[in-house]
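Structural overview
So the chains spell out like this:
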Amino acid sequence: MCKIPVTVLSGYLGSGKTTLLNHLLNHQNGYKIAVIVNDMSEVNIDAELVKQGRHLSRTDEKLVEMSNGCICCTLREDLLIEVEKLAKQGDIDYIVIESTGISEPIPVAQTFSYIDEDLGIDLTRFCRLDTMVTVVDANRFWNDFRSGDSLLDRKEALGEADTREIADLLIDQIEFCDCLILNKCDLVSDDELQKLENVLRTLQPKAKLLRSVNAIVEPNEILNTQAFNFNEASSSAGWIRELNAGHQQHTPETEEYGISSFVYSRKLPFHSERFEEWVHNMPENVVRAKGIAWCATRNNLALFMSQAGPSVSIEPVSYWVASLPRQDQDMIIEQNPHLMDDWDIQFGDRHTKLVFIGVDLDPSAISNELDHCLLTSDEFDEDWEMLKDPFQWNLQQT
């Protein structure tokens, strides 16, 4: 069976996804396209195009309880059923999915990568995910990103449990894609447009980036590109590239517009309270920050810090290998011998490595501020459990 290629359109509300979809339906390049639209309220597809034999399905957003909390699992069950139904009809050769403006692209991509045993549906038999597109509104991006609003604030959430921040959602959509469409370019000055484009290229250096007005792009740029690779998309974010580069020097392609990034790396623990306070008051010109932190009051836990504009979180991600029983340590080190490259005799694999991406950053100033958040020599010699601990999550310490 020849697998049907699928293009997924993501992007925040009002970015131009539906306009792009209409453009594709008007310029199909000979494809018989089936369309799946998530969220009826956003859809305004030309009725004549649907009447001419196009397939149009609408699905509802769902909120799914996961073991580690409540997250938005977009286009899940309905998407599986609708795609299988369309594929079995046998009279189409392409599927375009328009995600709702508040959906995250990763769950959609995952839907095409494994068998759903509960429903007995395996989309890999019928389809291949071809292109993940994210549409960005050049005119409103900074307003939305810096707003500090949550989906609940804007009455766009899936329910009271959906506490996602707008800035986080925008970054999630940008970091996981293989094609970025910077839309509404006619509403922004050339200088501001170039600056935004450079920010996007820094946040997502691997994706193809297209500028558009009224979402007009060449269909072959996003249809049947064979560009999507799940592993590559998962590791394509700029902060991952910067983290992996370590101390290697690379030429900043965006220096003219002040877009830069750097890595802060230390082998000393933070004073938890000072670090937590700094993270929630970091310079406004930091667009994106992410990485692993070592905090004294949670000495056994590797903490994951993630920032997108005004949205910041610090959460436990795993135990440090050095905090585990010796038998477990030996097993993990045997499987991951690279851990010994930076292994400390006393503290093992504990460390801090944070990536910062922003506009007109001052790496020295930020590094100095963070250094003041590290334990002083006197604090280092104290009982760390007696230090003030600002974190609310309760995990058993080993």
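Everything here concerns the structure above.
Report follows, based on the coordinates. A quick note: this is a predicted structure, and the numbers were derived from the prediction, not measured.

In this section: the overall build of the protein. Counting its secondary structure elements, the protein contains 13 helices and 14 strands. Taking all 398 residues of the protein together, 50% fall into the buried category. Taking as baseline every contact in the protein between residues at least 6 positions apart, the subset at least 24 positions apart corresponds to 75%. Counting every atom, the protein has about 19300 Å² of accessible surface; 46% of that belongs to carbon and sulfur.

A complete count under the given rule lists 13 aromatic pairs for this structure. Ring centres of Trp 294 and Phe 347 lie 5.1 Å apart, and the angle between their planes is 55 degrees; on these two criteria the pair is classed as tilted. Placement of Trp 294 in the loop between β11 (286–293) and β12 (301–308) and of Phe 347 in the loop between α11 (326–335) and β14 (352–359) is noted, with a sequence separation of 53 residues between them. A relative accessible area of 0% means that Trp 294 is categorised as buried. Here Phe 347 and Phe 380 contribute two aromatic rings whose centre-to-centre distance is 5.8 Å and whose plane-to-plane angle is 80 degrees, an arrangement assigned as edge-to-face. Remark: Phe 380 occurs in helix α13 (residues 377–381) and Phe 347 occurs in the loop between α11 and β14; sequence separation between them is 33 residues. Given the relative accessible area of 13%, Phe 347 is considered buried. Through pairs of rings, three or more aromatic residues link up here, namely Trp 294, Phe 347, Phe 380 and Trp 384.

Of all hydrophobic cores here, the largest spans 33 residues; its most connected members are Phe 141, Phe 145, Leu 180, Leu 182 and Leu 200. Going through the elements one at a time, α5 (141–145), α6 (166–175), β8 (179–183), α7 (190–203), β10 (259–266) and β14 are the ones with two or more residues in this core. If you tally residues by element for this core, the top one is α6, at six residues. With sequence-adjacent residues up to four places away left out, Leu 180 is seen in contact with Thr 134, Val 136, Ile 174, Leu 200, Gln 204, Ala 207, Lys 208, Leu 209 and Leu 210.

Our focus in this paragraph is the pattern of salt bridges. Across all of its chains, the model carries 15 salt bridges by this definition. Among the ionic pairs, Lys 184 bridges to Asp 137, the shortest N-O distance being 3.1 Å. Placement of the pair is Lys 184 in the loop between β8 and α7 and Asp 137 in strand β7 (residues 127–137), with a sequence separation of 47 residues. When its relative accessible area of 8% is taken as the criterion, Asp 137 is described as buried. One salt-bridge network, held together by shared partners, links Arg 140, Asp 144, Asp 149 and Arg 154.

Quick look at helix α12 (residues 363–371) now. Buried residues of α12: Ile 366, Ser 367 and Leu 370, and no others. One side of α12 holds all its buried residues, which, seen down the axis, span an arc of 100 degrees. The inward-facing, buried residues of α12 contact β10, α10 (272–279), β11 and β14.

For the rest of this paragraph, the subject is the environment of Asp 349. By the element assignment, Asp 349 lies in the loop between α11 and β14. Since its relative accessible area comes to 12%, Asp 349 is described here as buried. Along the chain, Asp 349 and Ser 323 lie 26 residues apart, while their C-alpha atoms are 9.1 Å from each other. What Asp 349 contacts, discounting residues up to four positions off in sequence, is Trp 320, Val 321, Ala 322 and Trp 343. Looking at Asp 349, its side chain comes within polar contact range of the main-chain nitrogen of Ala 322, at 3.0 Å.

What follows is about the sheet that holds β12. Across the sheet, five strands lie side by side as β10-β14-β11-β12-β13; this open sheet has antiparallel pairing. Bordering the open sheet on either side are β10 and β13 (311–319), each of which pairs with just one other strand. The average undirected angle you get between the axes of adjacent strands in this sheet is 10 degrees. Across eight bridges, β12 lies against β13 in antiparallel orientation.

For β7, a buried count of ten out of eleven residues is recorded, marking the element as mostly surrounded by other parts of the structure. Note: strand β1 (residues 4–10) against β7, seven bridges, orientation parallel. Among the inter-strand pairings, Ile 4 is bridged to a residue of β7, identified as Cys 127. Judged from the five bridges that link them, β7 and β8 form a sheet pairing that is parallel. Residue pairing across strands places Asp 137 opposite Asn 183, the latter belonging to β8.

To continue, consider the pairing of β14. By the criterion of burial, β14 is predominantly enclosed, with seven of the eight residues buried. In terms of strand pairing, β10 meets β14 through eight bridges, oriented antiparallel. Bridge assignment links Ser 260 to a residue of β14, and that residue is Gly 358. The pairing of β11 with β14 spans six bridges and is antiparallel. Note on β14: the bridge partner recorded for Gly 291 is Leu 354.

A few words now on the state of the cysteines. The final tally for this structure, using the stated rule, is zero disulfides. Looking at Cys 373, it has no disulfide partner, and the nearest cysteine sulfur is the one in Cys 295, 9.4 Å off.

Here Gln 173 is to be found in helix α6. The class for Gln 173 is buried, based on a relative accessible area of 1%. Residues in contact with Gln 173, not counting those within four places in the same chain, are Gly 11, Tyr 12, Gly 101, Ser 103, Pro 105 and Thr 134.

Parameters and conventions
- Residues numbered from 1 in each chain as written.
- Predicted model: local features only at pLDDT ≥ 70, side-chain atom pairs only at ≥ 80, totals over all residues.
- Heavy atoms only, no water.
- Helix = DSSP H or I, 4+ residues; strand = E, 2+ residues; numbered from the N terminus.
- Buried < 20%, exposed > 50% of the residue type's maximum accessible area, 1.4 Å probe, protein only.
- Contact = heavy atoms within 4.5 Å.
- Areas by Shrake-Rupley, 256 points an atom, 1.4 Å probe, with all protein chains shown as cover.
- Phe/Tyr/Trp six-rings, centres within 6.5 Å; stacked < 30°, edge-to-face > 60°.
- Core = buried A, V, L, I, M, F, W, Y, C linked by side-chain atoms within 4.5 Å.
- Salt bridge = Lys/Arg side-chain N within 4 Å of Asp/Glu carboxyl O.
- Arc of directions from axis to C-beta.
- Polar contact = N/O pair within 3.5 Å; in protein donor to acceptor, adjacent residues only side chain to side chain.
- Pairing = 2+ DSSP bridges.
- Axes fitted to C-alpha atoms, helices over the stretch in contact; angles between N-to-C directions.
- Disulfide = S-S within 2.5 Å.

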